[in-house]
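Spelled out from the first residue to the last, the chains are:
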Amino acid sequence: MQRNIIIASDHAALELKAALAGWLREGGHAVDDLGPHDGASVDYPDYGYRLAQAVAGSDAIGIALCGSGIGISIAVNRHPGCRAALVNEPLSAALAREHNDANVIALGARLVGVEMAKACVAAFLATEFGGERHARRVGKLGAPVLGD
């Protein structure tokens, strides 16, 4: 099934971003690469925020990449319309979709290789949200009740 995919990174993940974007396009997916497009040092929050704005309220799946995946996932999760999951292997990627209805997958270019990143993205794209009991929990993510 063809998906609309929005991808962004920082300078540390430029090569992984290019590899994933090419692989996804070869697989028939529509890929919108939000940058960066050269090796100049950039700030991951800028690209995380840009990706989050593009993904929120759309049917697109986001792929957020930085050196560790941590910083850009935090940036994406600042947007109330995004649920970014930082993963390092395919089972976590699938569970992020099935249980958490994640719409963005985050990966660390310094922590996972290209083939593992592809496996994570493939699992993420192949998995649908489980709904039912998970929907109640996901709903609470957008309306936290703090306290006791």
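Shown above is the structure to which this text applies.
Residues numbered from 1 in each chain as written. Predicted model: local features only at pLDDT ≥ 70, side-chain atom pairs only at ≥ 80, totals over all residues. Heavy atoms only, no water.

Enquirer: Pulling in residues and values, what's your account of the side chain of Ser-9?
Expert: By the element assignment, Ser-9 lies in strand β1 (residues 4-9). Setting aside its immediate chain neighbours within four residues, Ser-9 contacts Leu-14, Lys-17, Gly-35, Pro-36, Tyr-47, Leu-65 and Ile-72. (Helix = DSSP H or I, 4+ residues; strand = E, 2+ residues; numbered from the N terminus. Contact = heavy atoms within 4.5 Å.)

Enquirer: Quick rundown of the packing of aromatic side chains? Include the residues and the values.
Expert: Counted under the stated rule, the structure contains zero aromatic pairs. We note Arg-50 situated over the ring of Tyr-47; from NZ or CZ to the ring centre the distance is 4.7 Å. In this structure, Arg-97 packs its charged tip against the face of Phe-124, placed 5.8 Å from the ring centre. (Phe/Tyr/Trp six-rings, centres within 6.5 Å; stacked < 30°, edge-to-face > 60°. Lys NZ or Arg CZ within 6 Å of the ring centre and 35° of its normal.)

Enquirer: Kindly report on the pairing of strand β2 (residues 30-33), identifying the contributing residues and their values.
Expert: Pairing of β1 with β2, which is carried by four bridges, proceeds in the parallel orientation. From the neighbouring strand, Ile-5 faces β2, where its bridge partner is Val-31. As for the winding sense of the linkage, the β-α-β connection from β1 through helix α1 (residues 14-26) to β2 is right-handed. (Pairing = 2+ DSSP bridges. Right-handed = clockwise from strand over helix to strand, strands pointing away.)

Enquirer: Before we move on, could you go through the side chain of Lys-17 and cite the residues and values that matter?
Expert: Residue position: Lys-17 is located in helix α1. Non-local contacts of Lys-17, meaning those with residues more than four positions away in its chain, are made with Ile-7, Ala-8, Ser-9, Asp-33, Gly-35, Pro-36, His-37 and Leu-65.

Enquirer: Got a sec to walk through unusual backbone geometry? Specific residues and values, please.
Expert: Here Gly-35 and Pro-36 are connected by a cis peptide whose omega angle stands at 0 degrees. Mapped onto the secondary structure, Pro-36 falls in the loop between β2 and α2 (44-55). For Asp-101, which is not glycine, the phi dihedral falls at a positive 50 degrees. As for its position among the elements, Asp-101 is in the loop between α4 (90-100) and β5 (104-108).

Enquirer: So, the nonpolar core: which residues are in play, and what are the values?
Expert: One finds Leu-20, Ile-63, Leu-65, Ile-105, Leu-107 and Val-121 to be the most contacted residues of the largest nonpolar core, which totals 26 residues. Counting residues per element, the ones that place at least two in this core are β1, α1, β3 (61-66), α4, β5 and α5 (114-126). One finds Tyr-47, Val-55, Ala-56 and Ala-64 within the second-largest nonpolar core, a separate group that totals 18 residues. (Core = buried A, V, L, I, M, F, W, Y, C linked by side-chain atoms within 4.5 Å. Buried < 20%, exposed > 50% of the residue type's maximum accessible area, 1.4 Å probe, protein only.)

Enquirer: Residues and numbers for the environment of Val-55, please.
Expert: Summarising the element assignment, Val-55 is placed in helix α2. Given a relative accessible area of 0%, Val-55 falls into the buried group. As a C-alpha pair, Val-55 and Ala-8 span 47 residues in sequence and 11 Å in three-dimensional space. For Val-55, the contacting residues outside a window of four places in its chain are Ile-6, Ala-60, Ile-61, Gly-62, Cys-82, Asn-103 and Val-104.

Enquirer: Let's hear about the pairing of β5: which residues, and what values?
Expert: In terms of residue burial, β5 counts as a mostly covered element, since five of its five residues are buried. In β5, alternate side chains face the same way, and those of Val-104, Ala-106 and Gly-108 on one face and Ile-105 and Leu-107 on the other are all buried. Bridge analysis of β3 against β5 gives five bridges, and the strand direction is parallel. Residue Gly-62 lies in a different strand from β5, and its bridge partner there is Val-104.

Read these as spatial facts, not as claims about activity.
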